[in-house]
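Summary of structural features
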Amino acid sequence: MKTTELHELRGRLDGINEQLLELLNERARIGVLIGEIKQSLDVPVHDAQREKQMLDRLAASNEGPFDDQTIRHLFKEIFKATLQLQQPERKKQPLLVSRRKEQADTVIRLRGTAIGGADSVLVAGPCSVESREQVMEVAASLKRAGVPVMRGGAFKPRTSPYDFQGLGFEGLRLLKEAADEYGLLTISEIVDPRHLEEAAAYIDIVQIGARNMHNFELLKAAGELRKPVLLKRGLAATLDEFLHAAEYIVSRGNTQVMLIERGIRTYEKWTRNTLDISAVPILKKESHLPVLVDVSHSTGRKDIMIPCAKAALAAGADGIMAEVHPNPPAALSDADQQLDIEEFEEFVREVKASGLYREAAG
Ligand code: PEP
Ligand code: MN
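So, how was this worked out
Throughout this description, residue numbers start from 1 for each chain and increase along the sequence as written. Chain A is the first chain written and ligand 1 is the first ligand written, with later ones labelled in order. Residue-level local features of this predicted model are given only where pLDDT is at least 70; pairs of side-chain atoms are given and counted only at 80 or more, and the full residue set underlies all totals for whole chains, interfaces and linings. In this description a helix means any DSSP run of H or I spanning at least four residues, a strand means any run of E spanning at least two, and both kinds are numbered starting from the N terminus. The quantity called the radius of gyration is restricted to C-alpha atoms. Its globule counterpart is 2.2 Å times the number of residues to the power 0.38. Placing a C-beta atom from the backbone of each residue, one calls two residues in contact when those atoms lie within 7 Å. Nearness rests on one distance test: the residue's C-beta atom, set from the backbone, must lie within 6 Å of the molecule or strand. The nonpolar class holds Ala, Val, Leu, Ile, Met, Phe, Trp, Tyr, Cys and Pro. Asp, Glu, Lys and Arg form the charged class, and all remaining residues, Gly among them, are polar. Here the C-beta atoms are placed from the backbone, and a residue counts as buried if at least 20 other C-beta atoms lie within 10 Å of its own, exposed if 12 or fewer do, and partly exposed otherwise. The predictor attaches a confidence to each residue, called pLDDT, with possible values from 0 through 100. As a rule, the C-alpha atoms of each element are fitted with a line to give its axis, helices using only the stretch in contact, and angles between N-to-C directions run from 0 to 180 degrees. Working rule for angles: under 35 degrees goes down as roughly parallel, over 145 as roughly antiparallel, 65 to 115 as roughly perpendicular, anything else as oblique.

**Overview of the overall build of the protein chain**
What the protein chain contains, in helices and strands, is 13 helices and 10 strands. Relative to the compact-globule value of 21 Å for 362 residues, the protein chain shows a C-alpha radius of gyration of 27 Å, a clear excess of over 25%. Projected onto its principal axes, the C-alpha positions of the protein chain cover 95 × 45 × 40 Å. Within the protein chain, counting contacts between residues at least 6 apart in sequence, those at least 24 apart form 67% of the total.

**Quick look at the site of ligand 1**
In the region of ligand 1, the neighbouring residues are Cys127, Gly153, Glu189, Gly209, Ala210, Arg211, Lys232, Arg262, Asp294 and His297. For the shell around ligand 1, the residue count by class is two nonpolar, three polar and five charged.

**Concerning unusual backbone geometry**
Here the amide bond leading from glycine 64 into proline 65 is cis, since omega sits at 10°, within 30 degrees of zero. Here proline 65 shows up in the loop between α2 (48–60) and α3 (68–86). The phi angle at aspartate 42 is positive, at roughly 55°, despite the residue not being glycine. Mapped onto the secondary structure, aspartate 42 falls in the loop between α1 (2–41) and α2. The exposed category is assigned to aspartate 42, around which 6 C-beta atoms lie within 10 Å. Not every positive phi belongs to a glycine, and aspartate 334 is a case in point at roughly 45°. Looking at the element boundaries, aspartate 334 is found in the loop between β10 (319–323) and α13 (341–353). Aspartate 334 gets classed as partly exposed once you count the C-beta atoms within 10 Å, which come to 19.

**Remarks on the confidence of the model for the protein chain**
Confidence in the prediction of the protein chain, expressed as mean pLDDT, is 96, and 99% of residues score 70 or more. The ipTM assigned to the predicted complex is 0.99, against a pTM of 0.84.

**Focus: the environment of histidine 244**
For histidine 244, the location among the structural elements is in helix α9 (residues 239–250). Here histidine 244 falls in the partly exposed class, since 18 other C-beta atoms lie within 10 Å of it. Between the C-alpha atom of histidine 244 and that of proline 157, which follows or precedes it by 87 residues, the distance is 22 Å.

**Observations regarding the packing of helix α8 (residues 216–224) against α9**
Taken N-terminus to C-terminus, the directions of α8 and α9 make an angle of 45°; their axes are 6 Å apart at the nearest point. If you check the angle between α8 and α9, you find them oblique. In this structure, α8 uses Phe216, Leu219, Lys220, Ala222 and Gly223 to contact α9, whose residues at the interface are Ala245, Tyr248 and Ile249. For the contact of α8 with α9, a count of residues per class yields six nonpolar, one polar and one charged.

Right, here's the structure in full:
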């Protein structure tokens, strides 16, 4: 007797499930139509007030046995699923920077240098461009060491407004002059979207610094450029935020983006920042963009740069960035962490001899 009743009740539940399924999908179809209207009106998909009204109305007409909390919870899930259907097509797909979207590695080719391909790359130069003599001496050293890309800040995002702010466009001009003299590529940080166009005449790669990784207007403007961009990880950015920052650039049509891990803020004080070495294999796995590691800003310590550079390469980094200055104690920024010329040449020798640095024969 009881088993017949159980069977009959279960049959009724099955029927109700079918009805619910039909109703849920009918509701979803209406949701999609509403989503299209929202898109044409350019209004946000989520309307918190409307959601609250619907939940309040359901709670008011709820006669149980479900309590109001449970009803709210169940319907919220339904609303969430419907909102998902209303998202624009692009948002439902993997990010453009993601490996799921593009399996092949992005390789950025600049004259004779390829970044993100079979060979490793080194990027080096002073923290700030200070004088013609300074950049000439550094450029000569890069040439001797076989380092193809020269960095040098001209627009410096300094903590204190009273510290050296960089030479601006004159700095970019000096950087290019020295780089041209020795056949090097240039990279420099730009902090103001209005400077991008003018700066493009002097630099081969635009750097977006850690402090500006969340500057979305700068990211969008960099996305309009047709020039490689080196995007630094923010001081406290998660890898998801980092990849989304890159997506801002790539989604505007500039696909030549490189990521660089430069250390994150933690409680550890024995290094300037904490080099998140795990970011390297994760970014390489999640994204097809080249991944570099800045061993100067991440560690702030000259004595551990060689092992950290080796660790980065062993973890799969496509390249390394380091700061070098002819006279570090007199440097106008980052005096403590910049290698002098001799230390730099030793650094390059050690890194290249490690067996981890990939270099085309000849
Ligand atoms: C730099 O590379 O010059 C610099 C300022 O680094 P970060 O943005 O990583 O602090
Ligand atoms: Mn610096």
